[in-house]
Amino acid sequence: MKTKAVNEVTMEFPSRSSNESFARAAVACFAAQMDPTLNELEDIKTAVSEAVTNAIVHGYPDSIGKVAVKARICPGSILEITVKDHGRGISDVEKARQPMFTTGGEERSGMGFTIMESFMDQLTVRSVPGRGTVVSMKKKLAPRLKTGK
């Protein structure tokens, strides 16, 4: 059952590496309404960067496709982020989630999913070879004390 969002935004863009920083900044700006700490904001930006980079590099290694990013604010101060592509897909998600595993060549570290997992509270990866991948992440933000009169 999907939780009803308090607020949400969806964006779609071509799988060009120049759009990774746009997605990262856009999600950070959206999350700012939750009043995150600087550390929480950096965690969110890093996780989004890794997920979008994976979609671009691994989802569409030889072509330009579409990447969709959805950010949702859910009850309980939970930020939910979904990154979706319709690219190559992952044949073995379990293997792909192992640290140091990569299909991207020597210049790739193979740490993308590990990094996402370490910065977010929950990570789910669903993929169908030849159809694409959906990465869903959740992070519960710390409640802020309201000051003032």
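Structure's up top.
Let me begin by describing the structure that accompanies this report. (Residues numbered from 1 in each chain as written. Predicted model: local features only at pLDDT ≥ 70, side-chain atom pairs only at ≥ 80, totals over all residues. Heavy atoms only, no water.)

### A short note on the packing of helix α2 (residues 38-59) against helix α4 (residues 112-119)
Angle between the axes and distance between the axes: these two values describe a pair of packed helices.
Now for step 1: Relative to each other, α2 and α4 sit at 155°, their axes nearing to 9 Å. It follows from the interaxial angle that α2 and α4 lie roughly antiparallel. The chirality of how α2 crosses α4 is left-handed. The segment α2 lies against α4, with D43, T46, A47, E50, A51 and N54 engaging G112, F113, I115, M116 and F119.
Now for step 2: Taken together, the residues of the contact of α2 with α4 break down into 6 nonpolar, 3 polar and 2 charged. (Axes fitted to C-alpha atoms, helices over the stretch in contact; angles between N-to-C directions. Helix = DSSP H or I, 4+ residues; strand = E, 2+ residues; numbered from the N terminus. Parallel < 35°, antiparallel > 145°, perpendicular 65-115°, else oblique. Left-handed = near helix turned anticlockwise from the far one by under 90°. Contact = heavy atoms within 4.5 Å. Nonpolar A, V, L, I, M, F, W, Y, C, P; charged D, E, K, R; others polar.)

### Examining α4
Now for step 1: For α4, the set of buried residues is G112, F113 and M116. The arc enclosing the buried residues of α4, seen along the axis, measures out at 95°, which places them on a common side. (Buried < 20%, exposed > 50% of the residue type's maximum accessible area, 1.4 Å probe, protein only. Arc of directions from axis to C-beta.)

### Topic: the sheet that holds strand β5 (residues 132-140)
Now for step 1: The strand order β1-β2-β3-β5-β4 describes an open sheet built from 5 strands, whose pairing is antiparallel. One side of each edge strand has no neighbouring strand; the edge strands of this open sheet are β1 (7-14) and β4 (122-128). Within this sheet the neighbouring strands show an average axis-to-axis angle of 10°, counted without direction.
Now for step 2: As paired strands, strand β3 (residues 78-85) and β5 are joined by 8 bridges and run antiparallel to one another. Among the inter-strand pairings, K84 is bridged to a residue of β5, identified as V134. (Pairing = 2+ DSSP bridges.)

### Overview of the pairing of β5
Now for step 1: Within β5, 7 of the 9 residues are buried, leaving the element largely enclosed by the surrounding structure.
Now for step 2: Turn length for the β4-β5 hairpin, with the two strands adjacent in sequence and antiparallel, is 3 residues, and the turn residue G130 shows positive phi of about 80°.

### A short note on the environment of R24
Now for step 1: Along the chain, R24 turns up in helix α1 (residues 18-31).
Now for step 2: For the pair R24 and V69, spaced 45 residues apart in sequence, the C-alpha separation works out to 9.8 Å.
Now for step 3: Residue contacts for R24: discarding those within four places in its chain leaves E42, K45, T46, V48 and S49.
Now for step 4: A polar contact is formed between the side chain of R24 and the backbone oxygen of K45, at a distance of 3.4 Å. (Polar contact = N/O pair within 3.5 Å; in protein donor to acceptor, adjacent residues only side chain to side chain.)

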